[in-house]
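As a plain string of letters, each chain reads:
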Amino acid sequence: MENHGAARRWAGGSAVDAGRGRGVEVLVTRDVWRVVADELPLWWRAMSSRVCKRWKDIVEGDGLDYALATLCTVLARDGLERVKGRLDEWGKRVGVERMADLRDFLEDQEESFASPETWVKAGLIARTGLRPRPRGAIHHRPRGWIHQGAMGTRIAFDWDACELGWKRLHFCAAVGDAQGVAEEIAAGQDINAQDRCGWTA
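Residues numbered from 1 in each chain as written. Predicted model: local features only at pLDDT ≥ 70, side-chain atom pairs only at ≥ 80, totals over all residues. Heavy atoms only, no water.

1. Observations concerning the environment of Glu-107
Quick reminder of the rule: Every helix listed is a DSSP run of H or I at least four residues long, and every strand listed is a run of E at least two residues long, numbered separately from the N terminus.
Residue position: Glu-107 is located in helix α9 (residues 96-108). Taking the C-alpha atoms as reference points, Glu-107 and Leu-80, separated by 27 residues in sequence, lie 9.7 Å from one another.

Here you go:
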């Protein structure tokens, strides 16, 4: 016969069963979560936020926007054109304002990327206020939920394998990290270095 009372006492007096007791208590501390999160792909970090409220608070506090992480993972998995084809069915779930931002974001994309993290980086520059448009015209647009979500999502970054051709200087400029930009310039980084699209930081 199982002794649920003992299991609950062992788990700190909460109504947590023995199978989830101390492991959950240890895993939801910020220090342990950071070690675990650094090994998880973006999608699994997003899914972790759905386990329980404490994990959701830890995951979001560690730098994750669930809606953006899900979008970026679906784009990487299914490809840009397939996602564009499914937009109408997403309308009810996403809402009118978010849907307009999503359509603009996808319209601005010229290629598909294999990495969800690359899609997050594309989100960083999606709503910075100035976006290049055809024939060199530049227009102002407000920052939308995709840009805000990208700014709030911590991603792993392999500078040598970036699908956008970004270096740390590009990333720091995109997120508005003036100290990071200064450090890169002081370290001798070329401020005229271009990414794959020909843009400098």
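2. Overview of the packing of aromatic side chains
Our working rule: Any two of the Phe, Tyr and Trp rings considered here, Trp counted by its six-membered ring, make a pair once their centres fall within 6.5 Å; the pair's planes then place it as stacked at under 30 degrees, edge-to-face at over 60, or tilted in between. Partly exposed describes any residue whose relative accessible area lies between the buried limit of under 20% and the exposed limit of over 50%, with all areas from a 1.4 Å probe on protein chains only and scaled to the type maximum.
Counted under the stated rule, the structure contains 3 aromatic pairs. Between Phe-105 and Trp-119 the ring centres are 6.1 Å apart and the planes differ by 70°, which places this aromatic pair in the edge-to-face class. Of this pair, Phe-105 sits in helix α9 while Trp-119 sits in helix α10 (residues 116-124); the two residues are 14 residues apart in sequence, bridging distant segments of the chain. Comparing Phe-105 with Trp-119 shows no difference in burial state: the two are buried. The interplanar angle of 70° and the centroid separation of 5.0 Å between the aromatic rings of Phe-113 and Trp-119 together place this pair among those described as edge-to-face. For Phe-113, a relative accessible area of 6% translates into the label buried. Exposure remark for Trp-119: the relative accessible area of 0% places this residue in the buried category.

3. Section: the pattern of salt bridges
What counts, and what does not: Basic side-chain nitrogens of Lys or Arg form a salt bridge, by our definition, when they fall within 4 Å of a carboxyl oxygen of Asp or Glu.
This structure, assessed with the given rule, holds 9 salt bridges. Two residues, Arg-77 and Asp-78, come together in a salt bridge whose shortest N-O distance is 2.8 Å. For Arg-77, a relative accessible area of 57% gives the class exposed. With a closest N to O distance of 3.7 Å, Glu-81 and Lys-84 form a salt bridge. Taken together, the residues span about one helical turn, with Glu-81 and Lys-84 both in helix α7 (residues 80-85) at a distance of 3 residues.

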